[in-house]
Structure formats: C-alpha cells, structure tokens
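Understanding the architecture of this molecule
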Amino acid sequence: MRQKLVAGNWKMNLSYPEGLALAHEIAILAGAAQLTPDQPRVVLCPPFIHLFGVAQHLPKAAGFYLGGQNCHQKDSGAYTGEVSATMLRSVGCEYVILGHSERRQYCHETDDLLAQKLKAALAAGLKPIFCVGETLETREADETFEFIGRQLSDGLFHLSNEEFDQVVIAYEPIWAIGTGRTATSAQAQEVHAFIRERIARAYDAEAAQDTTILYGGSANAQNARELFSQPDVDGGLIGGAALKPADFITIIQSF
Ligand code: 13P
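Here's a quick rundown of the structure. (Residues numbered from 1 in each chain as written. Predicted model: local features only at pLDDT ≥ 70, side-chain atom pairs only at ≥ 80, totals over all residues. Heavy atoms only, no water.)

A look at the packing of aromatic side chains
What counts is decided by this rule: Pairs were defined over the aromatic rings of Phe, Tyr and Trp, the Trp ring being its six-membered one, requiring ring centres within 6.5 Å. Orientation was assigned from the angle between planes: stacked under 30 degrees, edge-to-face over 60, tilted for the rest. We count a stretch as a helix when DSSP gives it H or I for four or more residues in a row; a strand needs E for two or more, and each element gets its number in order from the N terminus. Only protein chains enter the accessibility calculation, which uses a 1.4 Å probe; a residue whose area is less than 20% of its type maximum is buried, one above 50% is exposed, and one in between is partly exposed.
Using the criterion set out here, one finds 7 aromatic pairs in the structure. The interplanar angle of 50 degrees and the centroid separation of 4.9 Å between the aromatic rings of Phe 145 and Phe 194 together place this pair among those described as tilted. Remark: Phe 194 occurs in helix H9 (residues 185–202) and Phe 145 occurs in helix H7 (residues 144–155); sequence separation between them is 49 residues. A relative accessible area of 32% places Phe 145 in the partly exposed class. Members of the aromatic cluster, joined through ring pairs, are Phe 157, Phe 164 and Tyr 203.

Here's the deal with helix H5 (residues 111–123)
Note the threshold: Multiplying 1.5 Å by the helix residue count minus one yields the expected span of that helix. By definition in these notes, contact holds between two residues if any of their heavy atoms fall within 4.5 Å.
Between its first and last C-alpha atoms H5 spans 18 Å; for 13 residues at 1.5 Å apiece the expected length is 18 Å, and the two agree. Residues of H5 that are buried make contact with helix H3 (85–90), strand E4 (93–98), helix H4 (101–106), strand E5 (127–132), H7 and helix H8 (161–164). Backbone geometry just downstream of H5 places Gly 125 in the positive-phi region, at approximately 90 degrees.

Regarding the nonpolar core
As a reminder of what qualifies: By convention a nonpolar core is built from buried Ala, Val, Leu, Ile, Met, Phe, Trp, Tyr and Cys residues, the set being connected through side-chain atoms within 4.5 Å.
Phe 64, Leu 156, Ile 169, Ile 195 and Ile 199 are the most contacted members of the largest nonpolar core, which has 65 residues in total. Among the elements that line this core, the one with the most residues is H9, at 5 residues. Counting residues in hydrophobic clusters, the runner-up holds 12 residues, among them Leu 5, Tyr 95, Val 168 and Leu 214.

Now the structure itself:
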C-alpha cells in the first residue's frame, strides 16, 4: 500500500559508537517532536555492523524501521564478506536498499544480478527499496525516460504482482546525489509520474497507485517540503542530511 516514507541511507559513514550516538539522538528528537507512527514511516539504513545496535535505539513507537543498504543474492554459503537477506531479517530489518547507483557503479551490479537480489530479499520477507536514476550525460542527451524505463523493465518488472506489491521505488538522479544539486520538484514529479505510468502498463492501475515512490539526491531540510508536495513524490531516500539529526527530523516533518 502506498505510504509516506522517509529513509535515511547512512552509506559508509560513522564508526559504531558514532552510529549509536546518531540513532540515540534521532530517537530523542523524534520523541520531542512527538512523531506519529507511519506519518510518515521512517527507515534507518546504517552500515551492516551498526544494524543490531541501532535497532536497540529505534523509536518504534514513532514508526521507525530498520533497513540494510544491500544484501547478497544467495541465502547462505561460501561467499566471504557477504551478508544475506535472511541475516538482515534476523537483526530486525524490514527493508533493504537494492540497486543504489553507487553499487551499480562501484560494484558493477547489473540488472540481472539485481533481479536475483530482489528475489532473495523478497523470499526473506524484506521490502526492497529499489533505486533507479540517470546520469547527467543521459539527462542532457534527453534519454532519461528511455533509461529509467529500461531500468524498470529489466530490473524490476520480472516480479509477480504479489512480489511487486512489497517494493518501494526510489528515483535518484545520479547528478543530484551528494552534489548539492537537487532535481527541481517539477523534474522529480515528471519522472515519478512516468514511473507510475510504467507500473500501470507492466501491472495495472491499482499497482501504480499503490506503489510508494521516493525521491533521492541532495534532499535536505530546506527543499524537502517542496519535493514532498508533488503528487507522485511519496517521500525521500536521504543521504547526507540523514546524518544530521535535526535536519533529518525536519525532513520527516516536511509532509
Ligand atoms: P544525498 O542525499 O547525500 O545526495 O544522497 C542521496 C542518496 O544517494 C541516498 O541513497
């Protein structure tokens, strides 16, 4: 079911004590702000080793959930250095980010591999936050819609209706990630509407209306309200600003 949602992607930042301190501070501010559960739903996605500790600080009464930043496509076995979806579930994760552009770029994750990861996450009972987004080059060549359409059809639309029901989509234009150059609310809305239209084609109108679609890329305490006011923007996947507790709470309150 479509839901207002803000997810904080901490990426590879903060030592373990620093991560716990951040979670603790977010919990205190969330309490002070008297956040209401699921208005919006909030997901914290710290590095793997922080997950269990952060879980102890999660303000669950305020509707906070835990998510991984990636998972392996296999459930267990001789895959040194990897973490499975089942393991994430076992420390209390409900979500997992898949297909982030940084993993597509630096870890060479392909649509085919992501298809396997999606299946593994869903089989373990995790809700994937599946990322799509174009480079600046693609946008300037006027190929954004074609590119995003392909990422959706190759990476995501192989799922059954029931599986797709569990998926959150994040539109993260690569040129906006960590650059301070946010997409305008009109640019975000345009792509979000396009994604919804493609979902309607691949599944049906109901699935399109029910899918939660987040915007990510230099979203912050100043621009969140404008971005979230767009009819097809259901929330945000927040990087840098998720490491600043007061800003993160302001973003959560921006609907
Ligand atoms: P920034 O908010 O730091 O631009 O990062 C966005 C992002 O990549 C979230 O996954």
